[in-house]
Amino acid sequence: MKKTKEMLDMEPSGPLMADVAKLAGVAISTVSRALANPGRVNEKTRAKIDDAAKQLGYTPNAMARGLRVGKSNVIMIVLPGSLYHGASQIVPQVLQAINVSLLESGYTLMIANLARDEASERHILNLAFGGTARGTIILASKLPEVDGRSLAHAGLPIVSMLLDMSASGVPSVVTNDREAVRAATAELIRLGHRRFFYLAGPEDNYHDVERFGGVLEAFQAAGLPETAVVRSGGKLDYQQSFEIGLRAAEEFVTLGHKPTAVIATSDDMAISFMSRIGEMGFGVPEDISIVSFDGSPVCAFCSPPLSTIEQPVEEMGKAAVAMLLDAIEKTGEPAPARRVIPSRLIIRKSMAMPNLLPKQSL
């Protein structure tokens, strides 16, 4: 068949996939599979293909390959609103991990911003139903739905990351929020703390339910009553975590019998809280110990360095991509409904034994 100018324009200008296949002594389909999903090709064959590609200087044009086979190679990431998530950098870290894994498998990342309004939801649905995307990884708390259309009915494989949607039939990759906070709380109890201040995200949010549940489970195991913790926040979204921390500091100084330990459900909350109470004359950890959730690199550079529960974002990103591509490529292996990747408690100087006579006010 004679190629049109458009078809020629889509071809890579250098060596072709057929050249790589010939040099490696394999079929073209094997080369394509090795580039799109390396895990489906045995290591020996993959090494031969890699060596041949390097010798020839072959660089696959992933977009052109998707167009030639009549299928999109774009994976759409649906975010929970703005990319801005403060100092925690969790969403950028997640995107980096996902992007690296997708590129390695011959797919392209497309970011869709779910701003919780009808226009953004309709745009995302148009992309999904119009064939722009081959699959979706969603970081938002719900699937886009408008005018009777839902992302669930677009015929695309979907994986949820960070939020557990497995009960709704959406395969999910999450970390162990509840167990991680339970362990951090238990460590504070072991140090001698008996009065706690909890900086909460929005009420009924998946993360807040799981993390506060971990606090209460640690209390139960230690024989402490639920009244041992004072909750602050619950109204603002996680994207307003700095403000949650500042408001919590103002609330903290009004408490008559002050807590000696703070459990913040994001690094941003802890950072702004610690800064504000420092201005008010309270020392960390002399007067109050603090531990947070997320594991942002900035925590190591706080004063004092902030203890935090580090989310395994790189592992989670790789797992979400692998789960999605398995569904796209139909490997034949049933996808798990839910995969949990454990977080890690990093103890730094913001946690210590409680002061027997903490400051009550200034």
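Predicted model only: the values in this text are computed from it and were never measured.

### Topic: the packing of helix α10 (residues 241-252) against helix α11 (residues 267-279)
Contact pair α10 / α11: the axes reach a minimum separation of 7 Å and the direction vectors enclose 40°. In this view, α10 runs oblique relative to α11, as classed from their interaxial angle. Seen along the crossing, α10 lies across α11 with a hand that is right-handed. Where α10 approaches α11, its residues S241, F242, I244, G245, L246, A248, A249, E250 and F252 are matched on the opposing element by D268, M269, S272, F273, R276 and I277.

### Some thoughts on the nonpolar core
One finds I137 and M161 to be the most contacted residues of the largest nonpolar core, which totals 26 residues. For this core, the elements supplying multiple residues, two or more each, are β1 (74-79), α6 (90-104), β6 (158-161) and α12 (313-329). With residues up to four places along the chain from it excluded, the contact list for M161 reads V94, I98, I137, I138, L139, V173, V313, M316, G317 and A320. Counting 25 residues, the second largest nonpolar core, distinct from the first, contains A248, A249, L255 and A264.

### So, the pattern of salt bridges
Counted by the stated rule, this structure contains 14 salt bridges. Residue R338 is joined to D164 by a salt bridge in which the shortest nitrogen-to-oxygen separation is 2.6 Å. Residue R338 is found in strand β13 (residues 338-341), and its partner D164 is found in the loop between β6 and β7 (172-175); the two are separated by 174 residues along the sequence. Relative accessible area serves as the criterion here: at 43%, R338 is assigned to the partly exposed category. Between R276 and E279 there is a salt bridge, with its nearest N and O atoms 3.3 Å apart. With R276 and E279 both in helix α11, this residue pair falls three residues apart, about one helical turn.

### Remarks on the packing of aromatic side chains
Tallying each qualifying case throughout the model produces six aromatic pairs. Taking the centre distance of 5.8 Å and the plane angle of 55° together, the rings of F197 and F252 count as tilted. Of the two residues, F197 is situated in strand β8 (residues 196-200) and F252 in helix α10; the sequence distance between them amounts to 55 residues. Accessibility classification places F197 together with F252 in one group, the buried group. An aromatic cluster is built from F197, F252, F273 and F282, whose rings are joined through pairwise contacts. Stacked on the ring of F129, the Lys or Arg R149 has its end atom at 5.0 Å from the ring centre.

### Brief notes about the confidence of the model for the protein chain
Close inspection of predicted coordinates is inappropriate for parts of the model with low pLDDT. Per-chain confidence: the protein chain averages 85 in pLDDT, with 84% of residues scoring 70 or above. The low-confidence segment residues 1-14, where pLDDT is below 50, has 12 contacts with residues more than four positions distant or belonging to other chains. This model gives residues 62-70 a pLDDT under 50, and the stretch forms 15 contacts once residues within four places in sequence are excluded.

Reading the values: the criteria
- Residues numbered from 1 in each chain as written.
- Predicted model: local features only at pLDDT ≥ 70, side-chain atom pairs only at ≥ 80, totals over all residues.
- Heavy atoms only, no water.
- Axes fitted to C-alpha atoms, helices over the stretch in contact; angles between N-to-C directions.
- Helix = DSSP H or I, 4+ residues; strand = E, 2+ residues; numbered from the N terminus.
- Parallel < 35°, antiparallel > 145°, perpendicular 65-115°, else oblique.
- Left-handed = near helix turned anticlockwise from the far one by under 90°.
- Contact = heavy atoms within 4.5 Å.
- Core = buried A, V, L, I, M, F, W, Y, C linked by side-chain atoms within 4.5 Å.
- Buried < 20%, exposed > 50% of the residue type's maximum accessible area, 1.4 Å probe, protein only.
- Salt bridge = Lys/Arg side-chain N within 4 Å of Asp/Glu carboxyl O.
- Phe/Tyr/Trp six-rings, centres within 6.5 Å; stacked < 30°, edge-to-face > 60°.
- Lys NZ or Arg CZ within 6 Å of the ring centre and 35° of its normal.
- pLDDT = per-residue confidence, 0-100.

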